[in-house]
Amino acid sequence: MNSQTEENYLKAICKLSMLSNKGGKGTPISVSTSALANEMGVQSATVTDMLKKLSAKKKIKYKKYYGTELTETGRLEAMRIIRKHRLWETFLVEKLGFGWGEVHEVAEQLEHVNSPQLTDRLDAFLGYPKTDPHGDPIPDKDGEVRSRPTVLLTALKAGDRGVITAVKHDGKDLLDYLDRHGLVLDSAVEVLEVLPFDRSMQLRAAGREHFVSEKIAENILVVTE
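Described in the following lines is the structure provided in the data block. (Residues numbered from 1 in each chain as written. Predicted model: local features only at pLDDT ≥ 70, side-chain atom pairs only at ≥ 80, totals over all residues. Heavy atoms only, no water.)

Describing the sheet that holds strand β7 (residues 208-212)
Piece 1. With antiparallel pairing, 6 strands are arranged side by side in an open sheet as β3-β8-β4-β5-β6-β7. Strand pairing shows two members of the sheet lacking a second neighbour, β3 (151-152) and β7, which therefore form its edges.
Piece 2. Most of the contacts of helix α7 (residues 172-180) go to β7, to which it runs at about 155 degrees, and overall it touches β4 (161-167), β7 and β8 (220-224). (Pairing = 2+ DSSP bridges. Helix = DSSP H or I, 4+ residues; strand = E, 2+ residues; numbered from the N terminus. Contact = heavy atoms within 4.5 Å. Axes fitted to C-alpha atoms, helices over the stretch in contact; angles between N-to-C directions.)

Listed below in structure tokens is the structure:
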């Protein structure tokens, strides 16, 4: 049995690995101690102590100065945690009326409920959703993830069109901003102009025109038309 802190580390390592878009099953990606410390909001020494514990439990492969990667056991456990988190986010939005910017912290608590039967029943109750309210794919019970090929909004040029399918960052400030401007999941967007000075973008979405900064655009994932 893992502690909540250990589960949080496994999830963080998995998340950082998946951000590379190469960290699928069979392709472990090494995560640096500094990147993990930044993700967890702790000192590198604290991370090192935890990595030694997880290595002793054979949940990760850790070598000093070379980073860490999940073992298959660790990957499956991380995927189960991510699955629970995203299912609970879906439940909170679809069944309890939470906004998509309100659910992350609540789901962070619920993801540690250790009941496979509850998770499976929640999945069935929700109709076996494939993505959560932020567009992130929900792993199946075997830890497999199927996701559509996406690109960052920043990759589009003037005249390009796409559909918003996910956000990289699920912080409330960003999601509230996107809500206010109608830049929500499944919204069609057209790039009208990309300003050379600061890479900000003029978009048309939801029948309106919007200016968004490069920082906002690099957190929006789209499927291009």
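A word on the nonpolar core
Piece 1. Within the largest apolar cluster, 21 residues are counted, with the highest numbers of intra-cluster contacts made by Leu 153, Leu 178, Met 201 and Val 212.
Piece 2. Those elements giving two or more residues to this core turn out to be β4, α7, β5 (188-194), β6 (201-205), α8 (214-217) and β8.
Piece 3. If one sorts the elements of this core by residue count, α7 sits on top with 4 residues.
Piece 4. If near-sequence neighbours (up to four positions away) are discounted, Leu 153 is found in contact with Val 189, Val 191, Met 201, Leu 203, Ala 217, Ile 220 and Val 222.
Piece 5. If you look at the next biggest cluster of nonpolar residues, it comprises 19 residues, including Ala 12, Val 31, Tyr 62 and Leu 70. (Core = buried A, V, L, I, M, F, W, Y, C linked by side-chain atoms within 4.5 Å. Buried < 20%, exposed > 50% of the residue type's maximum accessible area, 1.4 Å probe, protein only.)

Side note on the layout of surface pockets
Piece 1. There is about 310 Å³ of room inside the second largest pocket.
Piece 2. Considering the residues around the second largest pocket, the lining is formed by 14 residues, among which Glu 77, Arg 80, Lys 84, Asn 114 and Pro 116 are closest to the centre.
Piece 3. Every element with two or more residues in the lining of the second largest pocket is listed here: α4 (72-94) and α6 (116-125).
Piece 4. When grouped by side-chain class, the residues that make up the lining of the second largest pocket number 3 nonpolar, 4 polar and 7 charged. (1 Å grid on protein atoms, 1.4 Å probe; cavity = no way out; pocket = protein on both sides within 12 Å on 5 of 7 lines; lining within 4 Å. Points joined across faces, edges and corners; volume = space filled by probe spheres on them. Nonpolar A, V, L, I, M, F, W, Y, C, P; charged D, E, K, R; others polar.)

Worth remembering: the numbers are spatial, not functional.
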